[in-house]
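Structural characterization, general
Each chain, written out:
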Amino acid sequence: MPVIAVVNGPNLDRLGTREPGIYGTETLADVELRCRDAGSAVGLDTRFFQSNGEGALVDHLHDLVGAVDGLVINAAAYTHTSVAIRDALQVLDVPFVEVHISNVHARESFRHTSYLSDIAAGVIVGCGTQGYEFAIQRLARLVHGDAAKDE
């Protein structure tokens with residue numbers, strides 16, 4: 001069974017309590033369960049990681065080289081600042097979908113810039129935690145070779 005990773009950046013360990021008006025009331029554990037179910041439904045084994053530290057995220061992406069077939073990433077604030085995470089994603093060399101729970105384009109202008117979007121297989125914003133499910137469904141098509149049906 002193909003393996004994908006779901007990687008979450010800073011402050012996502014505070015889901016459910018941090019600004020619930022923006023990020024909702026689901027916890028990261030709820031999101032992981034939702035992702036596990038979504039992955040299983042489309043024939044993917046799903047692994048999880050979260051860190052508040054940029055270096056730990058880069059190290060984890062390096063550890064995934066050769067171990068996963070695709071990736072969902074919510075790099076959170078590092079989306080807008082981290083060339084290191086971008087470079088690590090290029091080293092990983094698997095399709096990835098960038099996810100943001102909130103609509104970053106309807107927020108502060110600094111959130112409108114992503115260092116990841118132009119190298120992502122897809123970008124999902126503003127769909128709440130359901131965006132993770134959409135990302136997994138997209139990755140399943142890419143990993144299983146069904147993406148050509150979308151053209």
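Above this note sits the structure.
Cut-off values and rules
Residues numbered from 1 in each chain as written. Predicted model: local features only at pLDDT ≥ 70, side-chain atom pairs only at ≥ 80, totals over all residues. Heavy atoms only, no water. Helix = DSSP H or I, 4+ residues; strand = E, 2+ residues; numbered from the N terminus. Rg over C-alpha atoms; globule rule 2.2 N^0.38 Å. Buried < 20%, exposed > 50% of the residue type's maximum accessible area, 1.4 Å probe, protein only. Areas by Shrake-Rupley, 256 points an atom, 1.4 Å probe, with all protein chains shown as cover. Axes fitted to C-alpha atoms, helices over the stretch in contact; angles between N-to-C directions. Parallel < 35°, antiparallel > 145°, perpendicular 65-115°, else oblique. Contact = heavy atoms within 4.5 Å. Nonpolar A, V, L, I, M, F, W, Y, C, P; charged D, E, K, R; others polar. Disulfide = S-S within 2.5 Å. Expected span 1.5 Å × (residues − 1). Pairing = 2+ DSSP bridges.

1. Comments concerning the overall build of the chain
Of the regular secondary structure elements, the chain holds 5 helices and 5 strands. Going from N to C terminus, the chain has its helices and strands arranged as β-α-α-β-α-β-α-β-β-α. Taken against the 2.2 N^0.38 rule, which gives 15 Å for 151 residues, the C-alpha radius of gyration of the chain at 14 Å falls within 12% of a compact globule. Seen through its principal axes, the chain has C-alpha atoms that stretch 35 × 30 × 30 Å. Here the chain holds 151 residues, and 44% of them are scored as buried. With an accessible surface of roughly 7,100 Å², the chain has 48% of that area assigned to carbon and sulfur atoms.

2. Thoughts on the packing of helix α3 (residues 54-63) against helix α4 (residues 83-92)
The N-to-C vectors of α3 and α4 enclose an angle of 5°; their axes lie 9 Å apart at closest approach. In terms of orientation, α3 lies roughly parallel with respect to α4. On the side of α3, the interface is formed by E54, L57, V58, L61 and H62, while α4 contributes A84, I85, A88, L89, V91 and L92. Looking at the contact of α3 with α4 residue by residue, the classes come out as 9 nonpolar, 1 polar and 1 charged.

3. Quick notes on the state of the cysteines
Across all of its chains, the model carries 0 disulfides by this definition. Left unpaired, C127 is separated from the closest cysteine sulfur, that of C35, by 13 Å. The exposure class of C127 is partly exposed, given its relative accessible area of 32%.

4. A look at helix α5 (residues 130-143)
In an α-helix, one full turn covers 3.6 residues, which means residues spaced three or four apart are oriented alike. Taking 1.5 Å per residue, 14 residues should reach 20 Å; α5 reaches 20 Å between its end C-alpha atoms and fits that length. Here the buried face of α5 lies against β1 (3-8), α2 (28-41), β3 (70-74), β4 (96-100) and β5 (122-125). Of the residues one or two after α5, G145 is the one with positive phi, at around 80°.

5. Some details on the sheet that holds β5
In space, the 5 strands of this open sheet follow the order β2-β1-β3-β4-β5, with parallel pairing throughout. The sheet is open, and its two borders are formed by β2 (45-50) and β5, each paired with just one other strand. Going across the sheet, the axis of each strand differs from the next one's by a mean of 15°, ignoring polarity. When β4 meets β5, the two strands line up parallel, connected through 4 bridges. Residue pairing in the sheet places V99 in a bridge with I124 of β5.

Read these as layout, nothing more, since geometry by itself doesn't imply function.
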